[in-house]
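Residue-level listing of the chains:
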Amino acid sequence: MKVMVLIVAIAVVAWGLTALLRRYALARSLMDIPNARSSHTQPTPRGGGVAIVVAFLLGLCVASATGLDLPAEIYYSLLGSGAAIALLGFLDDHGHIAARWRLLGHFAAAAWALFWLGGLPPLVMVGHSIDFGWLGYLLASLYLVWLLNLYNFMDGIDGIASIEAICVCLGGALLYVLQGHADAAVLPLLLSFAVAGFLYWNFPPAKIFMGDAGSGFLGIVLGVLSLQAAWIDQSLLWGWLILLGVFVVDATFTLLRRLLRGDKIYEAHRSHAYQYASRQFGRHLPVTLAVAAINLCWLLPVAVWVAQGGDGLIGLLLAYLPLIALAIKFRAGELERR
């Protein structure tokens with residue numbers, strides 16, 4: 001009962017705070033103006049993702065203070081890294097910060113998170129347990145930085161980043177419950193309800209955009225939660241990676257294709273598969289709903305299979321192969337035809 005009251009309260013806080021942020025953005029002319037690289041056509045307020053940040057971190061503090069038995073390592077890891085990335089994104093939303101300084105901040109936040117988490121646990125791959133040692137810290141750091149950046153890249157049409165976060169968190173919570181770790185489901189549930197409060201305003205057609213503060217925050221928090229899952233049971237890490245498949249495959253496939261072509265990868269573009277798909281359908285809504293359907297009808301069952309004893313690497317490949325096919329079908333990373 002205590003958890004239910006908290007998560008509903010967090011959703012209400014996120015909903016109300018987003019409304020206030022929208023008024024603030026309109027009053028200060030903090031607008032996302034469409035350009036040749038945009039996937040939207042109307043000027044829209046931005047920065048609403050701050051509501052997710054405040055609501056979730058508030059919920060995190062309340063959960064810790066009310067005796068919900070949150071481990072200190074996950075509490076400080078999420079609080080420090082999440083707040084740092086959100087602040088960096090907020091400053092970037094209000095005035096451009098050079099890419100090198102943003103990247104430095106990203107790695108600093110990742111280092112903070114990994115200090116508390118303890119890096120990457122040994123993983124079983126194809127029947128063999130591999131202890132990565134200090135290399136695990138490097139790999140986990142790269143993973144966190146890539147995840148928070150790809151989440152920024154994928155936040156390009158109405159509702160897609162919110163829907164993805166909600167599906168991944170609810171799926172992750174289900175995996176915990178199925179494995180008998182119901183207490184660990186509290187944090188993904190908190191995040192999903194914080195995002196749900198924001199989604200009311202962000203659902204197509206969006207009345208406000210998330211902005212870098214929100215998208216980067218979601219990326220780092222989802223990354224930290226997935227690494228925490230690995231310490232609980234390594235099969236859960238595979239499950240989280242499977243649940244994140246839509247964003248991971250589209251962003252990574254697009255980036256690799258642009259790198260091979262010699263593009264400047266830090267320049268804005270609209271060549272992700274989901275962006276091509278939204279232009280093909282002429283609306284954002286079908287693509288956003290398709291992402292939800294893929295998550296719930298394909299990725300979640302595969303993740304459950306892995307969490308129930310299936311091979312993690314095989315499950316990951318099984319989940320990702322159709323997503324790669326979709327990325328190819330929708331021309332992820334290709335130059336836009338004029």
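This text follows the structure it describes.
Residues numbered from 1 in each chain as written. Predicted model: local features only at pLDDT ≥ 70, side-chain atom pairs only at ≥ 80, totals over all residues. Heavy atoms only, no water.

### Side note on the overall build of the chain
Within the chain, the secondary structure is distributed over 13 helices and 4 strands. The globule rule puts the C-alpha radius of gyration for 338 residues at 20 Å, and the 19 Å found for the chain is close to it. Along the first, second and third principal axes, the C-alpha atoms of the chain reach 50 × 45 × 35 Å. Counting every position in the chain, which comprises 338 residues, the buried fraction comes to 52%. Taking all contacts inside the chain whose residues are at least 6 apart in sequence as the whole, residues at least 24 apart take part in 75%. In the form shown here, the chain has an accessible surface area of approximately 15,000 Å², with 69% of it arising from carbon and sulfur atoms. The averaged location of the 18 negative side-chain charges in the chain is 13 Å from the averaged location of its 20 positive side-chain charges. (Helix = DSSP H or I, 4+ residues; strand = E, 2+ residues; numbered from the N terminus. Rg over C-alpha atoms; globule rule 2.2 N^0.38 Å. Buried < 20%, exposed > 50% of the residue type's maximum accessible area, 1.4 Å probe, protein only. Contact = heavy atoms within 4.5 Å. Areas by Shrake-Rupley, 256 points an atom, 1.4 Å probe, with all protein chains shown as cover. Lys, Arg positive; Asp, Glu negative; His and termini not counted. Charge placed at Lys NZ, Arg CZ, Asp CG, Glu CD.)

### Some remarks on a nonpolar patch on the surface
There is a patch of nonpolar side chains on the surface, built from Leu103, Phe107, Leu135, Leu138, Leu139 and Leu142 and spanning about 500 Å² of accessible area. Those elements that place two or more of their residues in the nonpolar patch are helix 4 (99–117) and helix 5 (134–154). By residue number, the principal contributor to the nonpolar patch is helix 5, which donates 4 residues. Mapped onto the elements, Phe107 comes out in helix 4. (Patch = residues over 30% accessible without salt bridge, like charges linked within 9 Å, V, L, I, M, F, W, Y side chains within 5 Å. Salt bridge = Lys/Arg side-chain N within 4 Å of Asp/Glu carboxyl O.)

### So, the environment of Val54
Relative to the helices and strands, Val54 resides in helix 2 (residues 50–65). Judged by relative accessible area, which is 39%, Val54 ranks as partly exposed.

### Let's talk about the packing of helix 10 (residues 245–261) against helix 13 (residues 312–329)
At a closest axis distance of 9 Å, the pairing of helix 10 and helix 13 adopts a crossing angle of 45°. As far as their axial angle goes, helix 13 and helix 10 are oblique. Relative to helix 13, helix 10 is oriented so that their crossing is right-handed. Packed against helix 10, whose contacting residues are Gly245, Val246, Val248, Val249 and Phe253, the element helix 13 presents Tyr320, Leu323, Ile324, Ala327 and Ile328 at the interface. (Axes fitted to C-alpha atoms, helices over the stretch in contact; angles between N-to-C directions. Parallel < 35°, antiparallel > 145°, perpendicular 65-115°, else oblique. Left-handed = near helix turned anticlockwise from the far one by under 90°.)

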